[in-house]
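These are the residues of each chain, in order.
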Amino acid sequence: MKRIAVITVAAVTILISAPPSQAAVTNLYSTGFEAVEGYSTDQDLAGQNNWQWEGSGGNGVIADGLHGQSAYLGFNPPQPTDSSLVLWQPINFDPMAAGYPLVTFRVLVSISDSPNGEYDIFRWSVYNQQVNRLFSIDLDNWYLDVSYQLDGTNSPVFTDIPFENDRDYLLTVTMNFAANRWSATFDDAVIATNQPITTTSAPLTLGDIDAVWLFNQMAVTNGLGQIEYVNTPGDNFMVFDDYQLAAATLSPTAAQLQMLGYTKEGWSLLRLQGESGHRWAIEATTDFATWTALNTNVVSGGTFDVVDTTSSTEGRRFYRARYVP
């Protein structure tokens, strides 16, 4: 049953019907990397079930993972000319055009240590359909901490969140494309809240969310006396499982219907205040049995006004604002 707020002003009673609290949800992509889904432990993850890749290095599916079979990247060294290995599942979703602007990503992760004494960074990066990196979350296996980067900058934002090797953590990222904001947690620890999805006005679409292995590099002097960087990767690796992406509609907060007064003709003047982009119907009654539609409108700029041209003949009038999905 919907919640109803009642406000009485002189001979006018205003009722506001709260919007439904349950948002519609659609699954964009999910996998547990299990054999029943067609995943093999005898092959690289790259190339299986449409998983794309760039770069080189160890990756695949292990049998005894976090929850049954799990994916991993790391351990086996890359080609000397590559600086990273990136794995992604194409999503290609336009949240705003689809009417599902709230996107949630969840993945279970665990970082295994490096017996060879070299340590790398494992990253999750969000890209739009135009292949712009929007933001990233880094798990640094040298410092054993979590940081993030926004687009338009290469400067990490460090957090005070530590992690332990060979322990499972649930990474959750919530993106509100309508508001250009994202938040993330690592188990119960807050990585970031209310950060911009893009700081550079990049298109607010979702192309993919990538698992990235960033190799450790060491500066060396070549025969010409020049500084070069060569890969010195660790044999650490990231295991990940229960990869889930879902999108939801946004339920607006309850609007406010105000009685502004009367026109010179004696007509009631009302104003609805609410979140832009949502539709509300204004209705009137004298007996709570029969309701008359006055106006149905989409909120723009936070308000819209309604004039009840029939109110001057009524001794008492009741109004309600009703959310229209």
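Residues numbered from 1 in each chain as written. Predicted model: local features only at pLDDT ≥ 70, side-chain atom pairs only at ≥ 80, totals over all residues. Heavy atoms only, no water.

> Mind showing me how you'd approach the overall build of the protein chain here?
Within the protein chain one finds 1 helix and 25 strands. A buried classification covers 45% of the 325 residues belonging to the protein chain. Of all intrachain contacts in the protein chain linking residues separated by at least 6 positions in sequence, the fraction that spans at least 24 positions is 63%. When the accessible surface of the protein chain is split by element, carbon and sulfur atoms take 49% of a total near 15,700 Å². (Helix = DSSP H or I, 4+ residues; strand = E, 2+ residues; numbered from the N terminus. Buried < 20%, exposed > 50% of the residue type's maximum accessible area, 1.4 Å probe, protein only. Contact = heavy atoms within 4.5 Å. Areas by Shrake-Rupley, 256 points an atom, 1.4 Å probe, with all protein chains shown as cover.)

> Can you walk me through the sheet that holds strand 20 (residues 256–262) in this structure?
Neighbouring strands of a sheet are bound in pairs by backbone hydrogen bonds; such pairs are parallel or else antiparallel. Spatially, 20-21-24 is the arrangement adopted by the 3 strands of the open sheet, whose pairing is antiparallel. On the outer flanks of this sheet lie strand 20 and strand 24 (303–308), each paired with one strand and no other. Between one strand axis and the next, the sheet turns by 25° as a mean value, whatever way the strands run. Across 6 bridges, the pairing between strand 20 and strand 21 (residues 268–273) is antiparallel. When the sheet's bridge partners are listed, Y262 is paired in strand 21 with S268. (Pairing = 2+ DSSP bridges. Axes fitted to C-alpha atoms, helices over the stretch in contact; angles between N-to-C directions.)

> Could you clarify how one ought to interpret the confidence of the model for the protein chain in this entry?
Predicted coordinates in regions of low pLDDT should not be interpreted in detail. In this model, the protein chain carries an average pLDDT of 88, and 89% of its residues clear a pLDDT of 70 or more. A low-confidence stretch, residues 1–11 (pLDDT under 50), is modelled with 26 contacts involving residues beyond four sequence positions or located in other chains. (pLDDT = per-residue confidence, 0-100.)

> Help me out: how do you make sense of the nonpolar core in this one?
Generally speaking, soluble globular proteins have nonpolar side chains that are buried together. Membership of the largest hydrophobic core comes to 52 residues, with the highest contact counts inside it found for W124, M175, W182 and F240. Residues within four places of M175 in sequence aside, it is in contact with P101, L102, V103, F105, V126, F135, R181, W182, I197 and I209. One finds A284, F304, Y319 and A321 within the second-largest nonpolar core, a separate group that totals 14 residues. (Core = buried A, V, L, I, M, F, W, Y, C linked by side-chain atoms within 4.5 Å.)

> Honestly, the environment of A179 in this entry has me stumped. Any pointers?
Tracing the backbone through its elements, the reader meets A179 in the loop between strand 13 (169–176) and strand 14 (181–186). For the pair formed by A179 and L102, sequence separation is 77 residues and the distance between their alpha carbons is 9.3 Å.

> In this structure, what is going on with the environment of G266? I would like to understand it.
Among the secondary structure elements, G266 is positioned in the loop between strand 20 and strand 21. You can call G266 partly exposed: its relative accessible area is 26%. Taking the C-alpha atoms as reference, G266 lies 9.3 Å from D308; in sequence the two are 42 residues apart.

> How do you make sense of unusual backbone geometry when you look at a structure like this?
Most peptide bonds are trans, and most residues other than glycine sit at a negative phi. The backbone of D242 shows a phi angle near 50°, a positive value even though the residue is not glycine. By secondary structure assignment, the location of D242 is in strand 19 (residues 237–248). Here D242 falls in the partly exposed class, since its relative accessible area comes to 25%. Phi is positive for F288, close to 65°, though the residue is something other than glycine. Residue class for F288 comes out partly exposed when judged on its relative accessible area of 42%.

> What should I look at first to understand the pairing of strand 15 (residues 189–196) in this one?
Each regular strand shows side chains that alternate between the opposite faces of the sheet. When strand 14 meets strand 15, the two strands line up antiparallel, connected through 5 bridges. If you follow W182 over to strand 15, its bridge partner there is Q195. Between the end of strand 14 and the start of strand 15, which pair antiparallel, lie 2 residues, with D187 showing a positive phi angle near 55°.

> What should I look at first to understand the sheet that holds strand 16 (residues 208–214) in this one?
Here 7 strands make up an open sheet; going across it, the order is 4-7-16-9-10-11-12 and the pairing antiparallel. Sheet topology places strand 4 (52–55) and strand 12 (157–162) at the edges, where each strand pairs with a single neighbour. Looking at each pair of strands side by side, their axes are set apart by 20° on average, direction ignored. In this sheet, strand 7 (residues 84–88) lies alongside strand 4 in antiparallel orientation, the contact comprising 4 bridges. Note that in strand 7 the partner of E54 across the bridge is V86.

> When you look at the packing of aromatic side chains in this model, what are you seeing that I'm missing?
In this description, a pair of aromatic rings is defined by centroid distance and the angle of the planes. Tallying each qualifying case throughout the model produces 23 aromatic pairs. Centre to centre, the rings of F33 and F240 are 5.5 Å apart; their planes meet at 90°, and the pair counts as edge-to-face. Of the two residues, F33 is situated in the loop between strand 3 (25–31) and strand 4 and F240 in strand 19; the sequence distance between them amounts to 207 residues. Both residues of the pair, F33 and F240, belong to the buried class. Note on Y169 and F186: the rings are 4.6 Å apart at their centroids and 10° apart in plane angle, and the pair reads as stacked. Pair noted here: Y169 is in strand 13 and F186 is in strand 14, with a separation of 17 residues, a long-range link. By the burial criterion, Y169 is buried, and F186 matches it. The structure contains a cluster of three or more aromatic residues connected by ring pairs, namely Y29, F33, Y39, W51, F105, W124, F240 and Y243. Note that R320 overlies the ring of W291, its terminal NZ or CZ placed 4.0 Å from the centroid. (Phe/Tyr/Trp six-rings, centres within 6.5 Å; stacked < 30°, edge-to-face > 60°. Lys NZ or Arg CZ within 6 Å of the ring centre and 35° of its normal.)

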